[in-house]
Amino acid sequence: AQKITQTQPGMFVQEKEAVTLDCTYDTSDQSYGLFWYKQPSSGEMIFLIYQGSYDEQNATEGRYSLNFQKARKSANLVISASQLGDSAMYFCAINTGGFKTIFGAGTRLFVKA
Amino acid sequence: DGGITQSPKYLFRKEGQNVTLSCEQNLNHDAMYWYRQDPGQGLRLIYYSQIVNDFQKGDIAEGYSVSREKKESFPLTVTSAQKNPTAFYLCASSIGSGNTDTQYFGPGTRLTVL
């Protein structure tokens, strides 16, 4: 069975600084996709970034990058130059094919002015 | 603009009532999903559908029902058999069911049982 672990219930970061949100996963499948979503207080889940298990390069999307360490089974999200609007819940998820995407419990990020 | 719409945004239900949550997408996606989110928790899959007239139970399907009569629509009915329905409900869609297929979400419906 697949599992996602996000060990940081809450994180604080100063505006304009970088922050890393941790995500470790567990799967016996060789082919899988890793996803990060942002959930602001409004509730909508916003897709941020995707990393495939066979991708050799770390994924990047604007200020978001994914630090993918396959041997450690970690897929940490790095947000550079934090903004006040980055304050939200962040969820890591894994899909090994089929319909089941497993989500972690999330990390709440607070950006301080 | 393409996207997913859910209605209503807030829904109040009396004990013993069935209620239906709407989900519509114009992304031309084949797959659609319903998730439940409880406070401080991640998402749990209720039902999913790959194509019209086909759907499968997820992890917590008891007390819920769905239909998929049109590609664009995937309504969820919360029946009186669902003992604790107060939660935030999210609908999602994706092009397919592969592990590279990103799920895109609607704005959600918050259901409260009075």
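The sections below set out a description of the structure shown in this document. On a predicted model such as this, the values are computed, not experimentally measured, just so you know.

The rules behind each value
- Counting starts from 1 at the beginning of each chain's written sequence and moves along it residue by residue.
- Numbering of ligands from 1 and lettering of chains from A proceed in the order in which they are written.
- Totals for whole chains, interfaces and linings use all residues, but because this is a predicted model, local features are given only for residues with pLDDT of at least 70 and pairs of side-chain atoms are given and counted only at 80 or more.
- Derived side-chain values reflect all non-hydrogen atoms in the structure, with water molecules and hydrogen atoms excluded from consideration.
- Labels follow the DSSP assignment, with helices taken as runs of H or I lasting at least four residues and strands as runs of E lasting at least two, numbered in each case from the N terminus.
- Between the two quantities, the radius of gyration covers C-alpha atoms and the globule rule is 2.2 Å times the number of residues to the power 0.38.
- Throughout, exposure labels follow a simple rule: accessible area from a 1.4 Å probe, protein chains only, divided by the maximum for the residue type, with under 20% read as buried, over 50% as exposed, and the rest as partly exposed.
- In what follows, residue pairs with any heavy atoms lying within 4.5 Å of each other are defined as contacts.
- The buried area of a pairing is the accessible area, by a 1.4 Å probe, that goes missing from both parts when the two are put together, added over both.
- Salt bridge, as applied in this entry: a Lys or Arg side-chain nitrogen positioned within 4 Å of an Asp or Glu carboxyl oxygen.
- Polar contact is the term for a pair of N or O atoms within 3.5 Å; when the atoms are in protein, one must be able to donate a hydrogen and the other to accept it, and sequence-neighboring residues count only if both atoms are side-chain atoms.
- The residue classification treats Ala, Val, Leu, Ile, Met, Phe, Trp, Tyr, Cys and Pro as nonpolar and Asp, Glu, Lys and Arg as charged. All others, Gly included, are polar.
- The nonpolar core is taken to be a set of buried Ala, Val, Leu, Ile, Met, Phe, Trp, Tyr and Cys residues, with the residues joined through side-chain atoms within 4.5 Å.
- Two strands pair if DSSP finds at least two bridges between them.
- Fitted lines through C-alpha atoms give the axes, limited to the stretch in contact for helices. The angle between two N-to-C directions lies from 0 to 180 degrees.
- Only Phe, Tyr and Trp rings take part, Trp by its six-membered ring, and two of them pair if their centres are within 6.5 Å. Stacked means planes under 30 degrees apart, edge-to-face means over 60, and tilted covers everything else.
- By definition here, charges over rings are those cases where NZ of Lys or CZ of Arg is within 6 Å of the ring centre and within 35 degrees of the ring normal.

**Focus on the overall build of chain B**
Part 1 of the reasoning: If you tally the helices and strands in chain B, you get zero helices and 11 strands.
Part 2 of the reasoning: Secondary structure elements of chain B occur, N-terminal to C-terminal, as β-β-β-β-β-β-β-β-β-β-β.
Part 3 of the reasoning: Computed over its C-alpha atoms, the radius of gyration of chain B comes to 13 Å, within 12% of the 13 Å expected for a compact globule of 114 residues.
Part 4 of the reasoning: Principal-axis analysis of the C-alpha atoms places the extent of chain B at approximately 40 × 25 × 25 Å.
Part 5 of the reasoning: Residue burial in chain B is summarised as follows: out of 114 residues, 49% are buried.
Part 6 of the reasoning: Within chain B, contacts between residues separated by at least 24 positions form 54% of all contacts whose residues are at least 6 apart in sequence.

**A closer look at the interface of chain B and chain A**
Part 1 of the reasoning: Contacts between chain B and chain A engage 26 residues on the former and 23 residues on the latter.
Part 2 of the reasoning: Summed over both partners, the interface of chain B with chain A buries about 1800 Å², with 56% contributed by carbon and sulfur atoms.
Part 3 of the reasoning: At the junction of chain B with chain A, the criterion picks out one salt bridge.
Part 4 of the reasoning: Notably, a salt bridge pairs lysine 100 of chain A with aspartate 59 of chain B, separated by 2.5 Å at the nearest N-O pair.
Part 5 of the reasoning: Where chain B packs against chain A, one counts five residue pairs in polar contact (both at pLDDT 80 or more).
Part 6 of the reasoning: If you list the elements that add at least two residues to the side of chain B that touches chain A, you get strand E4 (31–37), strand E5 (43–49), strand E9 (87–94) and strand E10 (104–105) of chain B.
Part 7 of the reasoning: Class assignment for the residues of the side of chain B that touches chain A results in 11 nonpolar, 13 polar and two charged.

**A short note on the nonpolar core**
Part 1 of the reasoning: The biggest cluster of nonpolar side chains holds 26 residues, and the ones touching the most others in it are Leu21, Tyr25, Trp36, Ile49, Leu77, Tyr90 and Leu109 of chain A.
Part 2 of the reasoning: For this core, the secondary structure elements donating two or more residues are strand E2 (10–14), strand E3 (19–21), strand E5 (33–39), strand E6 (46–52), strand E8 (64–69), strand E9 (74–79), strand E10 (88–95) and strand E12 (107–112) of chain A.
Part 3 of the reasoning: No other element matches the four residues that E10 of chain A contributes to this core.
Part 4 of the reasoning: Among residues more than four places away in sequence, those in contact with leucine 21 of chain A are Gln8, Met11, Trp36, Asn76, Leu77, Tyr90, Thr107 and Leu109 of chain A.
Part 5 of the reasoning: Ranked by size, the runner-up nonpolar core spans 20 residues in total, among them Met32, Ile46, Val78 and Tyr89 of chain B.

**What to know about the sheet that holds strand E8 (residues 76–78) of chain B**
All names here are of chain B.
Part 1 of the reasoning: Strands sit in the order E1-E3-E8-E7 across an open sheet of four strands; the sheet is antiparallel. In this open sheet, the two strands that pair with only one neighbour each are strand E1 (4–7) and strand E7 (64–66). Within this sheet the neighbouring strands show an average axis-to-axis angle of 20°, counted without direction.
Part 2 of the reasoning: Judged from the four bridges that link them, E1 and strand E3 (residues 19–25) form a sheet pairing that is antiparallel. From the neighbouring strand, serine 7 faces E3, where its bridge partner is serine 22.

**Examining the packing of aromatic side chains**
Here the distance between the centres and the angle between the planes together describe a pair of aromatic rings.
Part 1 of the reasoning: Taken as a whole and assessed by the stated rule, the structure comprises 16 aromatic pairs over all chains.
Part 2 of the reasoning: The interplanar angle of 80° and the centroid separation of 6.0 Å between the aromatic rings of tyrosine 47 of chain B and phenylalanine 55 of chain B together place this pair among those described as edge-to-face.
Part 3 of the reasoning: For tyrosine 47 of chain B, a relative accessible area of 8% puts it in the buried group.
Part 4 of the reasoning: Exposure remark for phenylalanine 55 of chain B: the relative accessible area of 35% places this residue in the partly exposed category.
Part 5 of the reasoning: Members of the aromatic cluster, each reached through a chain of ring pairs, are Phe35, Tyr37, Phe47, Tyr50, Phe99 and Phe103 of chain A together with Tyr33, Tyr35, Tyr48, Tyr104 and Phe105 of chain B.
Part 6 of the reasoning: For the cation-ring pair, arginine 63 of chain A lies above tyrosine 64 of chain A, with the distance from its terminal atom to the ring centre recorded as 5.7 Å.

**Quick word on the pattern of salt bridges**
Part 1 of the reasoning: Per the counting criterion, the structure on display carries six salt bridges over all chains.
Part 2 of the reasoning: Among the ionic pairs, lysine 73 of chain A bridges to aspartate 26 of chain A, the shortest N-O distance being 3.8 Å. In this pair, lysine 73 of chain A is assigned in the loop between E8 and E9 and aspartate 26 of chain A in strand E4 (residues 24–26), connecting sequence segments 47 residues apart.
Part 3 of the reasoning: A salt bridge links arginine 63 of chain A to aspartate 86 of chain A, with the shortest nitrogen-to-oxygen separation between them at 2.8 Å. With a gap of 23 residues between them, arginine 63 of chain A in the loop between strand E7 (60–61) and E8 and aspartate 86 of chain A in the loop between E9 and E10 connect regions that are remote in the sequence.
Part 4 of the reasoning: Several salt bridges share partner residues, and in doing so they unite Arg36, Asp38 and Arg44 of chain B into one network.

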